[in-house]
Structure formats: structure tokens, C-alpha cells
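Below are the chains, spelled out letter by letter.
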Amino acid sequence: MAQDTLLGFPAHILPYRFLDSLRQGKHLPFRPVLTSFWKGALLVEKRIDRVIFTCGGTAGHVNPAIAVAQLMAEKNPQIKILFVGAERGLEKDLIPKAGYEFRTVHISSFHRSLKPAEIKHNLVSLYNMVRSPAEARSILKEFRPDAVIGTGGYASYPTVKAAAKMGIPTAVHESNAVPGLTTELLEPYAGRIMVGFESCRQHYKHPEKVAVTGTPVREDFFTLTKEAAKEKLGVNDGRPLIVSFWGSLGASGMNAQMADMLALEAGKEPFHHIHGAGKSGYAAVLKALAEKGVYLKDHPSLQVREYIYDMAPVMRAADLVICRAGASTVSELTALAVPAVIVPSPYVTNNHQEKNARILEKHGGARVILEKDATGEALYRAAGEILRSPE
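Predicted model only: the values in this text are computed from it and were never measured.

What counts, and where the lines are drawn
Residues numbered from 1 in each chain as written. Predicted model: local features only at pLDDT ≥ 70, side-chain atom pairs only at ≥ 80, totals over all residues. Heavy atoms only, no water. Helix = DSSP H or I, 4+ residues; strand = E, 2+ residues; numbered from the N terminus. Buried < 20%, exposed > 50% of the residue type's maximum accessible area, 1.4 Å probe, protein only. Contact = heavy atoms within 4.5 Å. Areas by Shrake-Rupley, 256 points an atom, 1.4 Å probe, with all protein chains shown as cover. Expected span 1.5 Å × (residues − 1). Pairing = 2+ DSSP bridges. Axes fitted to C-alpha atoms, helices over the stretch in contact; angles between N-to-C directions. Phe/Tyr/Trp six-rings, centres within 6.5 Å; stacked < 30°, edge-to-face > 60°. Lys NZ or Arg CZ within 6 Å of the ring centre and 35° of its normal. Arc of directions from axis to C-beta. Parallel < 35°, antiparallel > 145°, perpendicular 65-115°, else oblique. Left-handed = near helix turned anticlockwise from the far one by under 90°. Nonpolar A, V, L, I, M, F, W, Y, C, P; charged D, E, K, R; others polar. Core = buried A, V, L, I, M, F, W, Y, C linked by side-chain atoms within 4.5 Å. Patch = residues over 30% accessible without salt bridge, like charges linked within 9 Å, V, L, I, M, F, W, Y side chains within 5 Å. Salt bridge = Lys/Arg side-chain N within 4 Å of Asp/Glu carboxyl O. pLDDT = per-residue confidence, 0-100.

(A) Layout of the overall build of the chain. When its secondary structure is counted, the chain shows 12 helices and 17 strands. Counting all 391 residues of the chain, 54% fall into the buried class. Intrachain contacts of the chain at a sequence separation of at least 6 include 66% that bridge at least 24 residues. Of the roughly 17700 Å² of accessible surface on the chain, a fraction of 53% belongs to carbon and sulfur atoms.

Written out as C-alpha cells, the structure is:
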């Protein structure tokens, strides 16, 4: 029987392991991998020379796709890779910056509010659902992929579904502990469903399609040593580096708490701190700091950015990360063996972020603080306790 592989990597290899050994200072082995693609019950053994990745909405959906694309290009330099996403999603910035060709379909989310503006938005989304299948088919016919991979977000729905109907091998990746709506809708069509945890299998109507792969992390997270990353960022004076972000879109409430934490740090600057506030939160954080009499030009150890575009060296240099619990972030934390203070978002479907966070907490890799308790002072205190701990 043929071995279940893609581009020479065994399908059973997990791309990360949890941090039972974190406190012992052990660096865990890591290599991003992807399972092979299936069409029905038939293993696709043909060479993958042309592949479409479709994803969008947040960095958590985009970065795993970039990780696998990087690996494919390394194993097969002649491979042709195309990304397909929404025209207004974050992917339109992240993917070109990573050096990949990007095409769009008209697709948008649905809002649950009955306010007039939200109803208008949903009518546009309905119209987009009608026209996006034809746009996806046009891209597929032009590019002629050997496989289509969806890594989450509503933007992946029309392209994966259209590919499956055209007989093109498809796979979807769900990094969260419980499947999102897009994954649920694509389950009948996808040839393979890749998940982050073994316990995820129970949530699917077709468990025979499920392969546990973990969530891939971009290869460039490992091109530098921790020391080299610190030197590159200019944070190698012996003080620890805190990196914080609330997701690629930001979070207004938690950005306010982070402004409080940064103000506390400004007194003695015991740490270096890089905070990604998100596009919508950047100005608000600077304003909140100014109101507290804190101006970043006077505190070179503290940085506030709209978005951390150089996330690979920043995360590699980090001694502590303060963040949400999106599955992509959890994977990066485990792969890098960096401790975290996690404030799971309470606004997500099925409370999946707290479930993600509790798994990491159980294995000694994180301290979980619920948002209702996550004041700036509580975050500052937790950071100090962890960074002073000999473990």
C-alpha cells in the first residue's frame, strides 16, 4: 500500500508538540508539515506542481497557509502557488508581503444584528454568495491547480467548494479545538479535513476524513536563533522582551488595558515591550498613553505598532507573549517554547479560544487570565512573576 505522504513528508508527523518540558528549558523539535490530499477514498499520488491556498479574515487563517506554501516551495522550487481570498480581508496585505500571487473573490461575512446598516451588509453578502462561485470557477479553470487547500475564514468557502465540484483534490484545515462555520459547511465537499488536536475528531460527521496534523508555523520563525533575533531588534541589553497583541484586528477593550500596563512599565522600564495594537486600535492606544503622560519617544524600550509585520523575529526574540488564544498563535507559542499570558476572547463561537488556552495551560505553557480579570495591573503583575521565575 502506498505511503500517505505529500512531497516526501509522512502524513502522521505533527507540526508541534505541547510544552510539558517548557519549564525545564527544553526546546521542542519542530518542522511544519501537511497531510496528503484525498479524493474520496483514493490517495492522490500525483506530483503537486500547482496549488491554490484559499484563506482570509485574520492572520490566524493566513499564516498557516504561508507556512505550508514555504515548505512546498522548498521541496519543489518549480511549484506554482496562488492564494485566493477576499478583496477586503487582511490577506490582501499579508500575502503579497510574503511574496505570493494573490487573487480575489467577492465574499463577505454575515452579521447577526438587525440594525439597518447590518441588514444592508448582509444583503451585500447574499449577493456575493451568488456571484463568488462563478469567480472561483474562473480562477480554477485559468490556474488549473493539482490541489486546493483551505485554511479557514469565509473567504475559503467558494473556492474549496467549486474545486471539489470540479473534481480537483481538496483539503481544509481547522486549527481550533471545535470546527468553525466555514469548516462545517465544507465538510461534505472536502476530501481531507486536517485538525489541530486528536480530540477534534469527535466534532465531525465524517471522522474518516479527519487527519491530525496540528497547525503549521511559518519556517521563517526558525531561521534566527533567539540571540540573533534579539540583536536584530536591538533588544539585547539583558532585559526580557514582552510581545503582546490581541489578534490581527485588535481588540478595543484589551488595548485599553494594555495602555495601562505600558504606563506602569514606563516608570522603570524593566522590560522591552512590543505591542501590536491592530489597525483600529493603534491611535487609541497612543491617545490613552498620552492622557497618562506617557510619550513613546521618551521610552525607547516601549513600542506600539499598528501591526507586527516582522512577527517571525519578534516572536523568536520574545521571552513572554501576552495574547489571545487563536489556534495559530497557540501553535507558534508551542513551536517556539515561549511562555505566555493568555486572555482568551470571550466573543468567539463555542468559546473555542478558552478551550485552546486551557490545553496549553494544562501542559505548563501558559497562564490563563479571563478578560473580566485582565486589568493592566493584573497583566503587569503576571508578566513580572513569570519573568522572575527561575523555571
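(B) Structural context of helix 1 (residues 59–75). Here helix 1 contains 17 residues, and its C-alpha end-to-end distance of 24 Å stays within 8% of the 24 Å for a straight helix at 1.5 Å per residue. Every buried residue belonging to helix 1 is among A59, V62, N63, P64, A65, I66, A67, V68, A69, L71 and M72, and all of these are buried.

(C) Representation of the sheet that holds strand 5 (residues 50–54) in the model. Taken together, 7 strands build an open sheet; the order of strands is 7-6-5-8-9-10-11 and the sheet is parallel. Edge positions in the open sheet fall to strand 7 (101–105) and strand 11 (210–212), since each of these has one partner strand only. Pairwise comparison of adjacent strand axes, ignoring direction, gives a mean angle of 25 degrees for this sheet. Relative to strand 7, strand 6 (residues 80–86) runs parallel, the two sharing 5 bridges.

(D) Main features of the sheet that holds strand 16 (residues 340–342). The 6 strands are arranged 14-13-12-15-16-17 in an open sheet whose pairing can be described as parallel. The strands lining the two open edges of the sheet, one partner per strand, are strand 14 (302–305) and strand 17 (366–368). Across the sheet, the mean angle separating the axes of adjacent strands is 15 degrees when strand polarity is ignored. In the sheet, strand 12 (residues 241–245) pairs with strand 13 (residues 272–276) via 5 bridges, with the strands oriented parallel. Opposite I242, over in strand 13, you have H273 as the bridge partner.

(E) Layout of the packing of aromatic side chains. The tally for this structure, following the rule as stated, stands at 4 aromatic pairs. With a centroid separation of 5.3 Å and an interplanar angle of 45 degrees, the aromatic rings of F83 and Y100 are classed as tilted. In this pair, F83 is assigned in strand 6 and Y100 in the loop between helix 2 (91–98) and strand 7, connecting sequence segments 17 residues apart. With relative accessibility at 16%, the residue Y100 sits in the buried group. The ring of F143 is capped by R50, whose NZ or CZ atom sits 4.5 Å from the centre of that ring.

(F) How the structure looks around helix 6 (residues 226–233). Listed in full, the buried residues belonging to helix 6 are A229, K230 and L233. The buried residues of helix 6 occupy an angular sector of 100 degrees when projected down its axis, which confines them to one face. Across from the buried face of helix 6, at angles greater than 90 degrees, the exposed residues are E227, E231 and K232. For helix 6, the secondary structure elements touched by its buried residues are strand 12 and helix 9 (311–317). At the exit of helix 6 stands G234, carrying a positive phi of roughly 75 degrees.

(G) Examining the side chain of T329 more closely. By the element assignment, T329 lies in helix 10 (residues 327–336). In this structure T329 touches F245, C323 and R324, once residues within four positions along its chain are discounted.

(H) Examining unusual backbone geometry more closely. For R144, which is not glycine, the phi torsion reads 55 degrees and is therefore positive. Of note, R144 is situated in the loop between helix 3 (116–143) and strand 8 (147–150). Even without being a glycine, A337 presents a positive backbone phi close to 55 degrees. With respect to the helices, strands and loops of the structure, A337 is situated in the loop between helix 10 and strand 16.

(I) Molecular detail of the packing of helix 7 (residues 252–265) against helix 8 (residues 282–291). It is at 9 Å that the axes of helix 7 and helix 8 come closest, and there the two elements cross at 40 degrees. With respect to helix 8, the axis of helix 7 lies oblique. Crossing angle aside, the handedness with which helix 7 passes helix 8 is right-handed. Touching N255, A259, L262 and A263 of helix 7 are V285, A288 and L289, all from helix 8. When the residues that make up the contact of helix 7 with helix 8 are grouped by side-chain class, the tally is 6 nonpolar, 1 polar and no charged.

(J) Layout of the nonpolar core. Membership of the largest hydrophobic core comes to 30 residues, with the highest contact counts inside it found for V243, F245, M315, V321, L333 and I342. Of all the secondary-structure elements, those providing two or more residues to this core are helix 6, strand 12, helix 9, strand 15 (320–323), helix 10, strand 16, helix 11 (352–362) and strand 17. The greatest single-element share of this core, amounting to 5 residues, is contributed by helix 9.

(K) View of a nonpolar patch on the surface. Residues L114, I119, L123, L126 and M129 make up a contiguous nonpolar surface patch of roughly 500 Å² in combined accessible area. With respect to the secondary-structure elements, M129 resides in helix 3.

(L) Representation of the pairing of strand 12. Most of strand 12 sits inside the fold, with 5 of its 5 residues counted as buried. Along strand 12, one buried face is formed by L241, V243 and F245 and the opposite face, lined by I242 and S244, is buried too.

(M) A look at the confidence of the model for the chain. Per-residue pLDDT for the chain averages 82, and the proportion of residues at 70 or more is 83%. When mean pLDDT is compared element by element in the chain, strand 12 scores highest at 98, while strand 3 (residues 38–39) scores lowest at 28. With pLDDT under 50 throughout, residues 1–45 is counted as low confidence; its partners more than four residues away or in other chains account for 124 contacts.

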